[in-house]
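# Examining the three-dimensional arrangement
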Amino acid sequence: MESTNYFNTLIEIAEDCPAAQGEIPPIKGSKKSVANLQYEMLHGHPYEFTSDDVLFTVFATRKEIPEENLAEQRHLFFSKGQPCFRASPLTKRYGWGVHSNADGKIAMFGVETEAYKKLVGDAAVVKKKAMRSKRA
């Protein structure tokens, strides 16, 4: 089974992220976006979920997978590689860094916060940049 979980790692915002601070993703239309759902799961719930938990829950919500099928669908979902939070709109567009603790549980921090800056400066934390939105 593939996993998107990192451990003791900060996914920094993308080099071409237009946000100067963490922004709440706007709701467009009647269906919530991936960014909206990820934000809702992580905001106010630091270090409660793993990356795998968030990515699968968002997928299941958007696909309206019935609860009785979740275990089977989660296995199928992770049977092939999935994009991690380096590809998330939160880290690419909306100014949120995502930190994974030693247990693989994640929390998001606005790029403007002291917590984000402290993580960036911590030599013990592995840093990964979010993917750029545009080609260089």
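Reading the values: the criteria
- Residues numbered from 1 in each chain as written.
- Predicted model: local features only at pLDDT ≥ 70, side-chain atom pairs only at ≥ 80, totals over all residues.
- Heavy atoms only, no water.
- Salt bridge = Lys/Arg side-chain N within 4 Å of Asp/Glu carboxyl O.
- Helix = DSSP H or I, 4+ residues; strand = E, 2+ residues; numbered from the N terminus.
- Buried < 20%, exposed > 50% of the residue type's maximum accessible area, 1.4 Å probe, protein only.
- Phe/Tyr/Trp six-rings, centres within 6.5 Å; stacked < 30°, edge-to-face > 60°.
- Pairing = 2+ DSSP bridges.
- Core = buried A, V, L, I, M, F, W, Y, C linked by side-chain atoms within 4.5 Å.
- Contact = heavy atoms within 4.5 Å.
- 1 Å grid on protein atoms, 1.4 Å probe; cavity = no way out; pocket = protein on both sides within 12 Å on 5 of 7 lines; lining within 4 Å.
- Points joined across faces, edges and corners; volume = space filled by probe spheres on them.
- Nonpolar A, V, L, I, M, F, W, Y, C, P; charged D, E, K, R; others polar.

### Thoughts on the pattern of salt bridges
Scanning the entire structure with this criterion turns up four salt bridges. Here arginine 132 ties to glutamate 15 by a salt bridge, and the two come within 3.3 Å at their closest N and O atoms. Separated by 117 residues along the polypeptide, arginine 132 in the segment after β5 (126–129) and glutamate 15 in the loop between β1 (9–12) and α1 (34–42) bring together distant segments of the chain. By relative accessible area, which is 36% here, arginine 132 ends up partly exposed. Taking relative accessible area as the criterion, glutamate 15 reaches 57% and is therefore assigned exposed. The residue lysine 32 makes a salt bridge to glutamate 40 at a minimum N-O spacing of 2.8 Å. With a relative accessible area of 33%, lysine 32 lands in the partly exposed category. On the basis of relative accessibility, which here comes to 38%, the residue glutamate 40 falls in the partly exposed class.

### Quick word on the packing of aromatic side chains
Overall, the coordinates contain five aromatic pairs when judged by the stated rule. Aromatic pair phenylalanine 77 and phenylalanine 78: ring centres 4.8 Å apart, planes at 85 degrees, arrangement edge-to-face. The burial state of phenylalanine 77 is the same as that of phenylalanine 78; both residues are buried. Among the aromatic residues, ring-to-ring pairing joins Phe56, Phe59, Phe77 and Phe78 into one connected group.

### Thoughts on the sheet that holds strand β3 (residues 96–100)
Taken in spatial order, the five strands line up as β2-β4-β3-β1-β5 in an open sheet, and their pairing is mixed. Taken across any chain shown, the strands that pair with only one partner, and hence form the sheet edges, are β2 (49–50) and β5.

### Notes on unusual backbone geometry
Of note in this structure, asparagine 8 is not a glycine but carries a positive phi near 50 degrees. Locating asparagine 8 in the fold gives a position in the segment before β1. One non-glycine residue, tyrosine 47, lies in the positive phi region at around 55 degrees. Structurally, the position occupied by tyrosine 47 is in the loop between α1 and β2.

### Some points on the nonpolar core
Grouped together as the largest cluster of nonpolar side chains are 28 residues, with contacts concentrated most on Leu42, Val54, Phe85, Leu90 and Met108. For this core, the elements supplying multiple residues, two or more each, are β1, α1, α2 (51–63), β3, β4 (105–110) and α5 (114–121). Broken down by element, this core gets its largest block of residues, five residues, from α1. Apart from residues no more than four positions distant in its own chain, phenylalanine 85 is found in contact with Ile11, Gln38, Leu42, Ser51, Val54, Leu55, Leu90, Thr91, Val98 and Ile106. Core analysis: the next-biggest nonpolar cluster, separate from the first, contains five residues, Phe56, Ala60, Ile65 and Phe78 among them.

### Things to note about the layout of surface pockets
Computed from the structure, the largest pocket encloses a volume of approximately 210 Å³. Surrounding the largest pocket, 13 residues form its lining, Val34, Gln38, Leu55, Phe77 and Pro83 being those nearest its centre. The element contributing the most residues to the lining of the largest pocket is α2, with four residues. Of the residues that constitute the lining of the largest pocket, the class distribution is nine nonpolar, three polar and one charged.

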